[in-house]
Amino acid sequence: MDDEGLDPQVKLKLLEASRAAGPDYPNVKKGIGCGAAALVAALLCSVLFLSFFRQLSTGSKISIAVGVTLISAMIAGGLAAFRPPAG
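Fair warning: this is a prediction, and the values are worked out from it, not measured in the lab. (Residues numbered from 1 in each chain as written. Predicted model: local features only at pLDDT ≥ 70, side-chain atom pairs only at ≥ 80, totals over all residues. Heavy atoms only, no water.)

Colleague: Help me out: how do you make sense of the overall build of the protein chain in this one?
Modeller: A count of helices and strands for the protein chain gives three helices and zero strands. In the protein chain, the order of α-helices and β-strands from amino to carboxyl end is α-α-α. For the protein chain, the residues scored as buried account for 14% of the 87 residues in total. Long-range pairs, those at least 24 residues apart, make up 67% of the contacts in the protein chain between residues at least 6 apart in sequence. (Helix = DSSP H or I, 4+ residues; strand = E, 2+ residues; numbered from the N terminus. Buried < 20%, exposed > 50% of the residue type's maximum accessible area, 1.4 Å probe, protein only. Contact = heavy atoms within 4.5 Å.)

Colleague: Hey, could you run me through a nonpolar patch on the surface in this one?
Modeller: A cluster of nonpolar side chains, contributed by Leu48, Phe49, Phe52, Phe53, Leu56, Ile64 and Val68, occupies part of the molecular surface with about 670 Å² of accessible area. Listed by contribution, the elements that provide at least two residues to the nonpolar patch are helix H2 (28-50) and helix H3 (58-82). For phenylalanine 52, the location among the structural elements is in the loop between H2 and H3. By relative accessible area, which is 64% here, phenylalanine 52 ends up exposed. (Patch = residues over 30% accessible without salt bridge, like charges linked within 9 Å, V, L, I, M, F, W, Y side chains within 5 Å. Areas by Shrake-Rupley, 256 points an atom, 1.4 Å probe, with all protein chains shown as cover. Salt bridge = Lys/Arg side-chain N within 4 Å of Asp/Glu carboxyl O.)

Colleague: Sorry if this is basic, but what is going on with the environment of valine 47 here?
Modeller: Within the fold, valine 47 resides in helix H2. On the accessibility criterion, valine 47 (48% relative accessible area) is partly exposed.

Colleague: Looking at this structure, how should I read H3?
Modeller: An α-helix turns once per 3.6 residues; consequently, residues spaced three or four apart project the same way. End to end, H3 covers 36 Å across 25 residues, agreeing with the expected 36 Å (1.5 Å per residue, within 8%). Buried residues of H3: Ala65, Thr69, Ala73, Gly77, Ala80 and Ala81, and no others. Packed against the buried residues of H3 are H2. (Expected span 1.5 Å × (residues − 1).)

Colleague: I would appreciate a short explanation of the packing of aromatic side chains in the present structure.
Modeller: Given two aromatic rings, their pairing is described by the distance between the two centres and the angle made by the two planes. Counting across every chain of the model gives one aromatic pair. Ring centres 5.3 Å apart and planes at 65 degrees place the aromatic pair phenylalanine 49 and phenylalanine 53 in the edge-to-face group. (Phe/Tyr/Trp six-rings, centres within 6.5 Å; stacked < 30°, edge-to-face > 60°.)

And the structure:
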């Protein structure tokens with residue numbers, strides 16, 4: 001769009017409207033960062049928790065840990081991406 005032919009007052013109103021507009025959702029960068037942090041935290045917690053279950057095979061422990069980790073990362077990343085900015 002060519003803004004050179006617009007009246008200065010119209011340009012000012014357009015600038016004010018763009019500043020007042022809400023932020024673009026989702027915030028992918030924030031979602032990926034929180035998802036990665038949740039991934040690491042959930043992996044450590046699930047491995048620590050599953051180490052107490054001696055009846056489970058190693059394959060079962062790995063599949064449970066991976067499942068819990070991925071679900072936790074997706075939930076945390078989604079919540080962080082769609083959460084409105086503070087302030």
